[in-house]
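Spelled out from the first residue to the last, the chains are:
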Amino acid sequence: MLLEVRGLTKHFRLNGDIYSKIAGEKTQLLKAVDGIDFHIRKGETLGLVGESGCGKSTTARLVTRLIEPTAGEVRLKDEDLLAFSSKRMKETRKDIQLVFQDPYSSLNPRKTIMHILSRPMEIHGLARTWAERREKVLDLLQRVGLSAEHIDRYPHEFSGGQRQRIAIARALSVDPELVIGDEPVSALDVSIQAQILNLFRDLQEEFGLTYLFIAHDLSVIRHISDRVAVMYVGKIVETGPAAALFENPLHPYTKALLAAVPEADPGKAPPKLTLKGEVSTPIDPPPGCRLCGRCPRETAICAQIEPPLVDVGGDRQVACHNL
(Lines give C-alpha, C1' and ligand atoms only; values in the text may rest on other atoms or scores of the structure.)
Protein backbone atom coordinates (compact mmCIF):
# COMPACT_ATOMS: atom_id res chain seq x y z
CA MET A 1 0.00 0.00 0.00
CA LEU A 2 1.51 3.34 -0.97
CA LEU A 3 -0.77 5.65 1.07
CA GLU A 4 -3.01 4.88 4.04
CA VAL A 5 -5.15 7.49 5.79
CA ARG A 6 -6.69 6.55 9.12
CA GLY A 7 -9.07 8.67 11.15
CA LEU A 8 -7.88 11.87 9.47
CA THR A 9 -9.54 14.86 11.14
CA LYS A 10 -9.38 18.63 10.77
CA HIS A 11 -11.55 20.88 12.93
CA PHE A 12 -11.44 24.67 12.70
CA ARG A 13 -12.50 26.81 15.67
CA LEU A 14 -14.97 29.57 14.87
CA ASN A 15 -14.54 32.19 17.57
CA GLY A 16 -17.19 34.57 16.27
CA ASP A 17 -17.12 38.34 16.71
CA ILE A 18 -16.47 40.40 19.82
CA TYR A 19 -20.18 40.57 20.68
CA SER A 20 -20.40 36.77 20.72
CA LYS A 21 -17.47 36.62 23.13
CA ILE A 22 -19.02 39.25 25.40
CA ALA A 23 -22.28 37.28 25.41
CA GLY A 24 -20.33 34.19 26.40
CA GLU A 25 -21.43 32.16 23.41
CA LYS A 26 -19.76 28.77 23.02
CA THR A 27 -16.94 28.43 20.48
CA GLN A 28 -18.14 26.46 17.48
CA LEU A 29 -16.20 23.81 15.57
CA LEU A 30 -16.25 23.54 11.80
CA LYS A 31 -15.58 19.86 11.14
CA ALA A 32 -14.11 20.16 7.66
CA VAL A 33 -12.70 16.62 7.68
CA ASP A 34 -14.05 14.36 10.38
CA GLY A 35 -12.34 11.01 10.79
CA ILE A 36 -11.91 9.66 7.26
CA ASP A 37 -10.17 6.45 6.15
CA PHE A 38 -8.94 5.53 2.70
CA HIS A 39 -5.97 3.90 0.99
CA ILE A 40 -4.28 4.06 -2.40
CA ARG A 41 -2.36 1.18 -3.89
CA LYS A 42 0.82 1.86 -5.82
CA GLY A 43 0.13 2.66 -9.48
CA GLU A 44 -3.62 3.26 -9.13
CA THR A 45 -5.83 6.35 -9.21
CA LEU A 46 -8.25 7.05 -6.38
CA GLY A 47 -10.89 9.61 -7.33
CA LEU A 48 -12.23 11.69 -4.44
CA VAL A 49 -15.59 13.20 -5.39
CA GLY A 50 -18.18 15.32 -3.65
CA GLU A 51 -19.91 18.68 -3.60
CA SER A 52 -18.05 21.94 -3.08
CA GLY A 53 -17.29 22.45 0.60
CA CYS A 54 -17.36 18.78 1.56
CA GLY A 55 -13.67 18.69 2.59
CA LYS A 56 -11.90 17.39 -0.53
CA SER A 57 -9.30 20.16 -0.83
CA THR A 58 -8.73 20.17 2.92
CA THR A 59 -7.97 16.45 2.66
CA ALA A 60 -5.35 17.15 -0.03
CA ARG A 61 -3.67 19.75 2.15
CA LEU A 62 -3.71 17.45 5.17
CA VAL A 63 -2.10 14.58 3.25
CA THR A 64 0.69 16.90 2.07
CA ARG A 65 0.93 18.59 5.50
CA LEU A 66 0.32 22.04 4.09
CA ILE A 67 -1.99 22.26 7.09
CA GLU A 68 -1.69 20.14 10.21
CA PRO A 69 -4.51 17.75 11.15
CA THR A 70 -6.39 17.75 14.42
CA ALA A 71 -6.05 13.96 14.65
CA GLY A 72 -5.41 10.86 12.58
CA GLU A 73 -2.63 9.18 10.63
CA VAL A 74 -1.20 9.64 7.15
CA ARG A 75 1.09 6.74 6.28
CA LEU A 76 3.28 6.80 3.17
CA LYS A 77 4.94 3.44 2.51
CA ASP A 78 3.99 2.50 6.11
CA GLU A 79 5.69 5.54 7.66
CA ASP A 80 3.60 8.08 9.56
CA LEU A 81 4.14 11.46 7.89
CA LEU A 82 2.62 13.28 10.84
CA ALA A 83 5.46 12.09 13.08
CA PHE A 84 8.15 13.47 10.77
CA SER A 85 10.31 16.42 11.79
CA SER A 86 10.22 19.49 9.56
CA LYS A 87 13.57 18.47 8.05
CA ARG A 88 12.40 14.93 7.34
CA MET A 89 9.13 16.23 5.92
CA LYS A 90 11.00 18.58 3.59
CA GLU A 91 12.96 15.60 2.23
CA THR A 92 9.75 13.58 1.83
CA ARG A 93 7.87 16.30 -0.03
CA LYS A 94 9.52 15.26 -3.27
CA ASP A 95 7.62 11.96 -3.01
CA ILE A 96 4.23 13.70 -2.74
CA GLN A 97 3.43 16.51 -5.16
CA LEU A 98 0.29 18.62 -5.52
CA VAL A 99 -1.20 20.07 -8.70
CA PHE A 100 -3.49 22.94 -7.73
CA GLN A 101 -6.84 23.90 -9.21
CA ASP A 102 -6.07 27.32 -10.65
CA PRO A 103 -3.16 27.47 -13.12
CA TYR A 104 -3.44 31.27 -13.14
CA SER A 105 -2.46 31.64 -9.48
CA SER A 106 -0.29 28.57 -8.82
CA LEU A 107 2.65 29.81 -10.95
CA ASN A 108 4.84 32.75 -9.93
CA PRO A 109 4.23 35.43 -12.59
CA ARG A 110 7.68 36.97 -12.02
CA LYS A 111 9.67 33.83 -12.77
CA THR A 112 10.46 32.15 -16.09
CA ILE A 113 9.40 28.59 -16.81
CA MET A 114 13.04 27.55 -16.49
CA HIS A 115 13.13 28.88 -12.93
CA ILE A 116 9.71 27.47 -11.98
CA LEU A 117 10.60 23.95 -13.12
CA SER A 118 14.23 23.89 -12.02
CA ARG A 119 13.82 25.35 -8.53
CA PRO A 120 12.37 22.12 -6.99
CA MET A 121 15.30 20.13 -8.44
CA GLU A 122 17.73 22.61 -6.90
CA ILE A 123 16.05 22.46 -3.49
CA HIS A 124 16.16 18.65 -3.38
CA GLY A 125 19.61 18.33 -4.95
CA LEU A 126 18.40 16.30 -7.92
CA ALA A 127 20.34 18.24 -10.57
CA ARG A 128 23.31 20.13 -9.20
CA THR A 129 24.45 22.15 -12.19
CA TRP A 130 22.54 24.69 -14.28
CA ALA A 131 23.21 22.63 -17.43
CA GLU A 132 21.74 19.48 -15.84
CA ARG A 133 18.66 21.35 -14.68
CA ARG A 134 18.10 22.95 -18.07
CA GLU A 135 18.40 19.59 -19.81
CA LYS A 136 15.82 18.05 -17.47
CA VAL A 137 13.48 21.03 -17.85
CA LEU A 138 13.60 20.70 -21.62
CA ASP A 139 12.76 17.00 -21.30
CA LEU A 140 9.83 17.76 -18.95
CA LEU A 141 8.43 20.36 -21.34
CA GLN A 142 8.49 17.85 -24.17
CA ARG A 143 6.76 15.20 -22.04
CA VAL A 144 3.86 17.50 -21.13
CA GLY A 145 3.33 18.65 -24.72
CA LEU A 146 5.27 21.93 -24.76
CA SER A 147 8.44 22.83 -26.65
CA ALA A 148 11.95 24.13 -25.99
CA GLU A 149 11.00 27.63 -27.11
CA HIS A 150 8.78 27.98 -24.03
CA ILE A 151 11.59 27.63 -21.50
CA ASP A 152 12.43 31.32 -21.11
CA ARG A 153 8.88 32.64 -21.22
CA TYR A 154 6.72 33.82 -18.32
CA PRO A 155 3.37 32.33 -17.15
CA HIS A 156 1.28 35.21 -18.55
CA GLU A 157 2.38 34.21 -22.06
CA PHE A 158 0.53 30.89 -21.85
CA SER A 159 -3.10 29.77 -22.02
CA GLY A 160 -4.81 28.08 -19.08
CA GLY A 161 -4.25 24.61 -20.48
CA GLN A 162 -0.57 25.32 -21.11
CA ARG A 163 -0.15 26.68 -17.59
CA GLN A 164 -1.63 23.51 -16.15
CA ARG A 165 0.82 21.49 -18.25
CA ILE A 166 3.61 23.54 -16.69
CA ALA A 167 2.18 22.87 -13.21
CA ILE A 168 2.15 19.14 -13.97
CA ALA A 169 5.75 19.35 -15.21
CA ARG A 170 6.71 21.09 -11.96
CA ALA A 171 5.16 18.25 -9.96
CA LEU A 172 7.12 15.71 -12.02
CA SER A 173 10.41 17.59 -11.71
CA VAL A 174 11.29 15.86 -8.42
CA ASP A 175 10.32 12.31 -9.51
CA PRO A 176 7.36 11.86 -7.11
CA GLU A 177 5.59 8.61 -6.29
CA LEU A 178 2.22 10.18 -5.44
CA VAL A 179 0.65 13.11 -7.29
CA ILE A 180 -2.43 14.79 -5.83
CA GLY A 181 -4.59 16.66 -8.31
CA ASP A 182 -6.83 19.15 -6.49
CA GLU A 183 -9.52 19.88 -9.09
CA PRO A 184 -6.76 20.25 -11.73
CA VAL A 185 -9.12 20.56 -14.71
CA SER A 186 -12.12 22.41 -13.27
CA ALA A 187 -10.82 25.86 -14.34
CA LEU A 188 -10.30 24.75 -17.97
CA ASP A 189 -12.55 24.58 -21.02
CA VAL A 190 -14.14 21.16 -21.62
CA SER A 191 -12.03 20.39 -24.70
CA ILE A 192 -8.85 21.29 -22.80
CA GLN A 193 -10.00 19.20 -19.84
CA ALA A 194 -9.95 16.08 -22.02
CA GLN A 195 -6.41 16.84 -23.18
CA ILE A 196 -5.13 17.32 -19.62
CA LEU A 197 -6.87 14.15 -18.39
CA ASN A 198 -5.29 12.17 -21.21
CA LEU A 199 -1.93 13.69 -20.30
CA PHE A 200 -2.38 12.53 -16.70
CA ARG A 201 -3.13 9.00 -17.94
CA ASP A 202 -0.14 8.94 -20.30
CA LEU A 203 2.26 10.20 -17.62
CA GLN A 204 0.95 7.63 -15.15
CA GLU A 205 1.78 4.82 -17.56
CA GLU A 206 5.15 6.32 -18.44
CA PHE A 207 6.38 7.04 -14.91
CA GLY A 208 4.38 4.51 -12.85
CA LEU A 209 2.68 7.30 -10.88
CA THR A 210 0.00 6.97 -8.23
CA TYR A 211 -2.79 9.57 -8.15
CA LEU A 212 -5.23 11.01 -5.66
CA PHE A 213 -7.51 12.86 -8.08
CA ILE A 214 -9.99 15.31 -6.56
CA ALA A 215 -13.00 16.60 -8.51
CA HIS A 216 -16.67 17.41 -8.20
CA ASP A 217 -17.32 16.45 -11.84
CA LEU A 218 -18.43 12.81 -11.97
CA SER A 219 -17.55 12.42 -15.65
CA VAL A 220 -13.96 13.42 -14.90
CA ILE A 221 -13.74 10.97 -11.99
CA ARG A 222 -15.25 8.17 -14.07
CA HIS A 223 -12.76 8.76 -16.90
CA ILE A 224 -9.58 8.71 -14.85
CA SER A 225 -10.19 6.68 -11.67
CA ASP A 226 -9.58 3.05 -10.81
CA ARG A 227 -11.34 3.43 -7.47
CA VAL A 228 -13.63 6.15 -6.15
CA ALA A 229 -14.30 7.60 -2.69
CA VAL A 230 -17.47 9.68 -2.25
CA MET A 231 -17.31 12.45 0.35
CA TYR A 232 -20.18 14.27 2.06
CA VAL A 233 -19.79 17.00 4.71
CA GLY A 234 -16.40 15.85 5.98
CA LYS A 235 -17.16 12.12 5.81
CA ILE A 236 -16.42 9.42 3.24
CA VAL A 237 -19.72 7.61 2.69
CA GLU A 238 -18.80 5.08 -0.01
CA THR A 239 -15.70 3.69 -1.71
CA GLY A 240 -15.23 1.06 -4.39
CA PRO A 241 -14.03 0.24 -7.90
CA ALA A 242 -15.08 3.00 -10.30
CA ALA A 243 -17.03 0.74 -12.67
CA ALA A 244 -18.99 -0.95 -9.85
CA LEU A 245 -19.73 2.29 -8.03
CA PHE A 246 -21.04 4.08 -11.11
CA GLU A 247 -23.09 1.11 -12.32
CA ASN A 248 -24.51 0.15 -8.92
CA PRO A 249 -24.26 2.92 -6.30
CA LEU A 250 -25.19 1.75 -2.81
CA HIS A 251 -25.25 4.83 -0.59
CA PRO A 252 -28.26 7.19 -0.97
CA TYR A 253 -25.96 10.19 -1.41
CA THR A 254 -23.99 8.46 -4.19
CA LYS A 255 -27.26 7.61 -5.92
CA ALA A 256 -28.38 11.25 -5.69
CA LEU A 257 -25.07 12.47 -7.11
CA LEU A 258 -25.36 10.18 -10.12
CA ALA A 259 -29.03 11.06 -10.61
CA ALA A 260 -28.07 14.73 -10.83
CA VAL A 261 -25.85 14.18 -13.89
CA PRO A 262 -27.65 15.56 -16.99
CA GLU A 263 -28.88 12.93 -19.43
CA ALA A 264 -27.63 13.37 -23.01
CA ASP A 265 -30.65 11.61 -24.53
CA PRO A 266 -33.56 14.12 -24.73
CA GLY A 267 -36.00 11.23 -25.09
CA LYS A 268 -35.30 9.96 -21.59
CA ALA A 269 -37.21 11.29 -18.63
CA PRO A 270 -35.08 13.25 -16.17
CA PRO A 271 -34.12 11.20 -13.10
CA LYS A 272 -35.88 11.84 -9.83
CA LEU A 273 -33.59 13.10 -7.10
CA THR A 274 -34.07 11.14 -3.91
CA LEU A 275 -32.74 13.69 -1.39
CA LYS A 276 -34.70 16.54 0.12
CA GLY A 277 -33.67 19.75 1.82
CA GLU A 278 -30.30 21.49 1.85
CA VAL A 279 -26.76 20.21 2.35
CA SER A 280 -25.98 19.66 6.02
CA THR A 281 -23.65 22.08 7.79
CA PRO A 282 -20.21 20.96 9.00
CA ILE A 283 -20.46 23.43 11.92
CA ASP A 284 -21.12 21.42 15.09
CA PRO A 285 -23.11 18.73 13.25
CA PRO A 286 -25.52 16.65 15.34
CA PRO A 287 -24.70 13.05 16.25
CA GLY A 288 -25.66 10.38 13.76
CA CYS A 289 -25.52 10.28 9.99
CA ARG A 290 -24.72 13.56 8.20
CA LEU A 291 -27.47 12.78 5.69
CA CYS A 292 -30.19 12.84 8.36
CA GLY A 293 -33.19 14.92 7.35
CA ARG A 294 -32.52 14.36 3.65
CA CYS A 295 -32.34 10.58 3.23
CA PRO A 296 -35.33 8.50 2.06
CA ARG A 297 -34.04 5.46 3.99
CA GLU A 298 -33.75 7.29 7.29
CA THR A 299 -34.77 5.45 10.46
CA ALA A 300 -34.53 6.30 14.16
CA ILE A 301 -30.99 4.92 14.55
CA CYS A 302 -29.66 7.24 11.84
CA ALA A 303 -30.10 10.33 14.02
CA GLN A 304 -28.48 8.67 17.04
CA ILE A 305 -25.43 6.73 15.82
CA GLU A 306 -22.98 7.66 13.09
CA PRO A 307 -22.70 4.78 10.59
CA PRO A 308 -19.16 3.40 10.20
CA LEU A 309 -17.58 2.70 6.82
CA VAL A 310 -17.87 -1.10 6.55
CA ASP A 311 -16.91 -3.69 3.94
CA VAL A 312 -19.79 -4.97 1.83
CA GLY A 313 -17.75 -7.19 -0.52
CA GLY A 314 -16.18 -6.62 -3.90
CA ASP A 315 -13.61 -4.17 -2.49
CA ARG A 316 -16.46 -1.83 -1.54
CA GLN A 317 -17.19 0.04 1.66
CA VAL A 318 -20.35 1.93 2.59
CA ALA A 319 -21.38 4.01 5.62
CA CYS A 320 -25.12 3.44 5.94
CA HIS A 321 -27.34 1.75 8.56
CA ASN A 322 -30.05 0.77 6.08
CA LEU A 323 -28.60 -0.72 2.91
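Residues numbered from 1 in each chain as written. Predicted model: local features only at pLDDT ≥ 70, side-chain atom pairs only at ≥ 80, totals over all residues. Heavy atoms only, no water.

Novice: Account for helix 6 (residues 160–172), with residues named and values stated.
Specialist: The first and last C-alpha atoms of helix 6 sit 19 Å apart over 13 residues, in line with the 18 Å expected at 1.5 Å per residue. With respect to burial, helix 6 is a largely interior element, 12 of its 13 residues being buried. All of the buried residues along helix 6 are Gly160, Gly161, Arg163, Gln164, Arg165, Ile166, Ala167, Ile168, Ala169, Arg170, Ala171 and Leu172. (Helix = DSSP H or I, 4+ residues; strand = E, 2+ residues; numbered from the N terminus. Expected span 1.5 Å × (residues − 1). Buried < 20%, exposed > 50% of the residue type's maximum accessible area, 1.4 Å probe, protein only.)

Novice: Describe in detail the packing of helix 4 (residues 113–123) against helix 5 (residues 130–143), supporting the description with residues and values.
Specialist: With their axes 9 Å apart at the nearest point, helix 4 and helix 5 run at an angle of 115 degrees to one another. When the axes of helix 4 and helix 5 are compared, the crossing they make is right-handed. On the side of helix 4, the interface is formed by Ile113, Met114, Leu117, Ser118, Met121 and Glu122, while helix 5 contributes Trp130, Arg133, Arg134, Lys136, Val137, Leu140 and Leu141. Grouping the amino acids of the contact of helix 4 with helix 5 by side-chain chemistry returns 8 nonpolar, 1 polar and 4 charged. (Axes fitted to C-alpha atoms, helices over the stretch in contact; angles between N-to-C directions. Left-handed = near helix turned anticlockwise from the far one by under 90°. Contact = heavy atoms within 4.5 Å. Nonpolar A, V, L, I, M, F, W, Y, C, P; charged D, E, K, R; others polar.)

Novice: Give me the sheet that holds strand 6 (residues 96–99): which residues, what numbers.
Specialist: Consider a sheet: its strands pair through backbone hydrogen bonds, and that pairing is either parallel or antiparallel. Read from one edge of the open sheet, 8 strands run 6-7-8-3-9-10-12-11, paired in mixed fashion. Two strands lie at the open edges of the sheet, namely strand 6 and strand 11 (310–313), each paired on one side alone. Pairwise comparison of adjacent strand axes, ignoring direction, gives a mean angle of 20 degrees for this sheet. Of the pairings in the sheet, the one linking strand 6 to strand 7 (residues 178–182) comprises 4 bridges and is parallel in character. In the sheet register, Ile96 faces strand 7, and the bridge partner there is Leu178. (Pairing = 2+ DSSP bridges.)

Novice: Which residues make up the nonpolar core, and what are the values?
Specialist: Within the largest apolar cluster, 53 residues are counted, with the highest numbers of intra-cluster contacts made by Leu117, Ile168, Leu203, Val228, Val230 and Tyr253. Counting residues per element, this core draws most heavily on helix 6, which supplies 6 residues. Ignoring anything within four residues of it in the chain, the contact list for Leu203 reads Arg143, Val144, Ile168, Leu172, Gly208, Leu209 and Tyr211. In this structure, Leu8, Phe38, Leu46 and Cys54 belong to the second largest nonpolar core, which totals 28 residues. (Core = buried A, V, L, I, M, F, W, Y, C linked by side-chain atoms within 4.5 Å.)

Novice: Any chance you could break down the packing of aromatic side chains for me, citing the residues and the numbers?
Specialist: Ring pairs (aromatic) are described by centroid distance and by the angle formed between their planes. One pass over the full model with this rule turns up 3 aromatic pairs. A centroid spacing of 5.4 Å and a plane angle of 85 degrees characterise the contact between Phe200 and Tyr211, whose relative ring orientation is edge-to-face. Separated by 11 residues along the polypeptide, Phe200 in helix 7 (residues 190–207) and Tyr211 in strand 8 (residues 210–215) bring together distant segments of the chain. Between Tyr232 and Tyr253 the ring centres are 4.5 Å apart and the planes differ by 45 degrees, which places this aromatic pair in the tilted class. Of this pair, Tyr232 sits in strand 9 (residues 227–232) while Tyr253 is found in helix 10 (residues 252–259), placing the two residues 21 residues apart along the sequence. With respect to burial, Tyr232 and Tyr253 carry one shared label: buried. Three or more aromatic residues link up through ring pairs in this structure, and these residues are Phe200, Tyr211 and Phe213. (Phe/Tyr/Trp six-rings, centres within 6.5 Å; stacked < 30°, edge-to-face > 60°.)

Novice: Describe the environment of Phe200, naming the residues involved and giving the relevant values.
Specialist: The class for Phe200 is buried, based on a relative accessible area of 2%. Discounting residues that sit within four places of it in the chain, Phe200 has contacts with Ile168, Pro184, Tyr211, Phe213 and Ile224.

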